[in-house]
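# Geometric and topological summary
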Amino acid sequence: MIRPFGWNEFLIIVMAAQWTIALSAIAFAGGGIGGLLVALARVSDIRPLRILAVGFIRVFQGTPLLMQLFLVFFGMNIFGLAINPWVAASIALTLHASAFLGEIWRGCVEAVPPGQREAATALGLKYVNRMRYIILPQATRIAVAPTVGFLVQLIKGTSLAAIIGFTELTRQGQIINNATFSPFMVFGTVAAIYFVLCWPLSLLARRMEVRFSRSTQR
Amino acid sequence: MTEVTTTASTAGMPGTSDLAVTMNGVNKWYGQFHALKDITLTVARGERIVICGPSGSGKSTLIRCINRLESIQKGKIVVDGHDLGAGAKSVDVVRQETGMVFQSFNLFPHMTVLENCTLAPIKVRGVSSAEAEATARKFLERVRIPEQADKYPAQLSGGQQQRVAIARALCMNPKIMLFDEPTSALDPEMVKEVLDTMIDLASEGMTMLCVTHEMGFARQVADRVIFMDQGEIVEEGAPEAFFSSPKHERTRNFLGQIS
């Protein structure tokens, strides 16, 4: 039974975007927390922590996201956990985002002039307060643009979760294509939806970058 | 309130002696580079010391060791009765008791002038924000920029920024003030306003160590001038003798070059 690609099929694909958004949101939130920890470990005074963070970053930057998804998905099974695409995709993308955001934010923390840390230290502020009130607020301003840029990568990256059977935008496209056999229409629609999600974010990142560079030149 | 009284009443306690700073056989290396060589120096309470010397002579490193922005490899530094080698606790205390002013101001750009001045008293000393603000306004008054309290550092001139930095340090009620080339990054017309602030401070009896090339300032306020070269204290003396009859060749050369 081949059915035509019509309004209904279009809506089914559009509705699947919510799962792409949900998975992106989970990965971004988890990656935000993980990334902060990775970044702090990466600039820590404690050497083993630094080495651990570097190792984590290298592994996730040096392997394809698809392999990371596979390893978590099948690895869960080996450790006796039920195979669940939701959980596997969330964990894999969270780890992935933690590594990348950690490295991006490390750069932002290090971009804060060393005099800021020295002045805070000289005033008697200890590590937590130094980070919280002096370093991180300044690093955050630098971080906004590259972070939004990475979010775009992450949204596009969720499409790989289709391969482990997570029904998001891409997977829904495959399912509809199996029924309609009009791949150009189907994947054209899928691509257009990704574009609609990502393009405004790219614009936002660009705008923030311009604003930041303007505010730092004096 | 209680914070302030305890600090005041214990002020004389650890420093049973009259010494604000003692450095004994202090050595520091950056890799192979021997930055400080056997520095021995004592600073009495209320003493004003000016440290000068060519760039790379170790003078900034020397005062940065006093609040442990730099660590040392050999020797002993005691600040206000607290041995910096005795662990993190005493380092914390010393940093609270010493104020530092940097060449590049290092104000916190994302905070207003007032916030710059109140952050450490609130977070480190634990004073209430109302009290911290009152103290901050008092010191901003003293450095003669009370009207700038709600501006951000970038809106101020260099001289004003440096005076804020001095006020910020004073808000912690330090016993010792360290100045690391406070006027070197300033346009010439702004040097005087900062020096005047420092002179005021000196006249109030603050213990001060200043790395500076402002020899006029040294003559006017210093009790002692120290000349450093290649990581060593080459010569020290009262400003009168130091400037009129320097003993060492290197001191004479240096003074000849800067005047």
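Fair warning: this is a prediction, and the values are worked out from it, not measured in the lab.

### Topic: the overall build of chain B
A count of helical and extended segments in chain B gives 10 helices and 10 strands. For chain B, whose C-alpha radius of gyration is 18 Å, the value lies close to the compact-globule estimate of 18 Å for 259 residues. For chain B, the spread of C-alpha atoms along the principal axes amounts to about 55 × 45 × 35 Å. When the 259 residues of chain B are sorted by exposure, 54% land in the buried category. Relative to all contacts within chain B whose residues are 6 or more apart in sequence, the contacts with residues 24 or more apart total 66%.

### Focus on empty space enclosed by the protein
Residues and elements named next belong to chain B. Inspection of the entire model under this criterion finds two cavities of 30 Å³ or more. In this structure, the largest cavity encloses a volume near 70 Å³. Lining the largest cavity are R142, V143, I166, L170, T197, D200, L201 and E204. At the level of elements, α6 (158-170) and α7 (188-203) are the ones that each hand at least two residues to the lining of the largest cavity. Looking at the lining of the largest cavity element by element, the count peaks at three residues for α7. Among the residues making up the lining of the largest cavity, the classes are represented as four nonpolar, one polar and three charged. By volume, the second largest cavity is sized at about 50 Å³.

### Topic: a nonpolar patch on the surface
All names here are of chain A. Together, W19, I26, W86, V87 and I91 line one region of the surface with nonpolar side chains, adding up to about 410 Å² of accessible area. Where the nonpolar patch is concerned, the elements lending two or more residues are α1 (7-42) and α4 (85-111). Sorting elements by how many residues they give to the nonpolar patch places α4 first, with three residues. Of note, W86 is situated in helix α4.

### Details of the confidence of the model for chain B
All names here are of chain B. On average, residues of chain B carry a pLDDT of 91, and 93% of them reach 70 or more. Confidence drops under a pLDDT of 50 for residues 1-13, and excluding neighbours within four residues, the segment shows six contacts in the predicted structure. Two numbers describe this predicted complex: its pTM, 0.85, and its ipTM, 0.89.

### As for α7 of chain B
Residues and elements named next belong to chain B. Its 16 residues give α7 an end-to-end C-alpha distance of 24 Å, which sits within 8% of 22 Å, the value for a rise of 1.5 Å per residue. Listed as buried for α7 are M190, V191, V194, L195, T197, M198, I199, L201 and A202. Packed against the buried residues of α7 are β3 (48-52), α5 (129-142), α6, β7 (176-180), β8 (207-211) and α8 (215-221). A positive backbone phi angle near 90° is found at G205, which sits one or two residues after α7.

### Some details on the packing of helix α5 (residues 114-122) of chain A against helix α6 (residues 127-157) of chain A
Residue and element names in this part refer to chain A. Across the interface, α5 lies against α6 with an axial gap of 10 Å and an inter-helix angle of 165°. Of the possible angle classes, the one that applies to α5 and α6 is roughly antiparallel. α6 is crossed by α5, and the crossing has right-handed handedness. Here Q116, R117, A120 and T121 of α5 lie close against α6, whose contacting residues are R130, I134, I135 and Q138. Grouping the amino acids of the contact of α5 with α6 by side-chain chemistry returns three nonpolar, three polar and two charged.

### A word on helix α10 (residues 249-258) of chain B
All names here are of chain B. Buried within α10 are the following residues: T251, F254 and L255. All buried residues of α10 lie within an arc of 95° about the axis, which places them on one face of the element. Those residues of α10 that are exposed and angled more than 90 degrees off the buried face are E249, G256 and Q257. Elements in contact with the buried residues of α10: β3, β9 (224-229), β10 (232-237) and α9 (239-244).

### As for the nonpolar core
Counting residues in hydrophobic clusters, the biggest one holds 83 residues, and the most contacted among them are I134 of chain A together with M23, I51 and L209 of chain B. If one sorts the elements of this core by residue count, α6 of chain A sits on top with 12 residues. Counting 48 residues, the second largest nonpolar core, distinct from the first, contains V101, I166, A169 and F227 of chain B.

### Thoughts on the side chain of R42 of chain A
All names here are of chain A. In this fold, R42 is placed in helix α1. Given the relative accessible area of 15%, R42 is considered buried. Excluding residues within four positions of it along the chain, R42 makes contact with R50, A53, V54, I57, R58, E103 and R106.

### A look at the pairing of β8 of chain B
Across a regular strand the side chains alternate sides, sitting on one face of the sheet and then on the other. Residue and element names in this part refer to chain B. Counting buried residues along β8, five of its five residues qualify, which places the element largely inside the surrounding structure. In β8, alternate side chains face the same way, and those of T207, L209 and V211 on one face and M208 and C210 on the other are all buried. Where β3 lies against β8, four bridges are found, and the strand directions are parallel. Its bridge partner being in β8, V50 is matched across the sheet by C210. Sheet topology places β7 next to β8; five bridges connect them, and they run parallel. Opposite F179, over in β8, you have C210 as the bridge partner.

### Points about the UniProt feature "domain: ABC transmembrane type-1" (unreviewed entry) in chain A
UniProt's feature table lists "domain: ABC transmembrane type-1" (unreviewed entry) at residues 17-205 of chain A, given in the numbering used throughout. For residues 17-205 of chain A, helix accounts for 83% and strand for 0%, while the C-alpha atoms at its two ends are 22 Å apart.

Rules used in this analysis
Residues numbered from 1 in each chain as written. Chains lettered and ligands numbered in written order. Predicted model: local features only at pLDDT ≥ 70, side-chain atom pairs only at ≥ 80, totals over all residues. Heavy atoms only, no water. Helix = DSSP H or I, 4+ residues; strand = E, 2+ residues; numbered from the N terminus. Rg over C-alpha atoms; globule rule 2.2 N^0.38 Å. Buried < 20%, exposed > 50% of the residue type's maximum accessible area, 1.4 Å probe, protein only. Contact = heavy atoms within 4.5 Å. 1 Å grid on protein atoms, 1.4 Å probe; cavity = no way out; pocket = protein on both sides within 12 Å on 5 of 7 lines; lining within 4 Å. Points joined across faces, edges and corners; volume = space filled by probe spheres on them. Nonpolar A, V, L, I, M, F, W, Y, C, P; charged D, E, K, R; others polar. Patch = residues over 30% accessible without salt bridge, like charges linked within 9 Å, V, L, I, M, F, W, Y side chains within 5 Å. Areas by Shrake-Rupley, 256 points an atom, 1.4 Å probe, with all protein chains shown as cover. Salt bridge = Lys/Arg side-chain N within 4 Å of Asp/Glu carboxyl O. pLDDT = per-residue confidence, 0-100. Expected span 1.5 Å × (residues − 1). Axes fitted to C-alpha atoms, helices over the stretch in contact; angles between N-to-C directions. Parallel < 35°, antiparallel > 145°, perpendicular 65-115°, else oblique. Left-handed = near helix turned anticlockwise from the far one by under 90°. Arc of directions from axis to C-beta. Core = buried A, V, L, I, M, F, W, Y, C linked by side-chain atoms within 4.5 Å. Pairing = 2+ DSSP bridges. UniProt positions renumbered as here; feature names shortened; annotations may be inferred.

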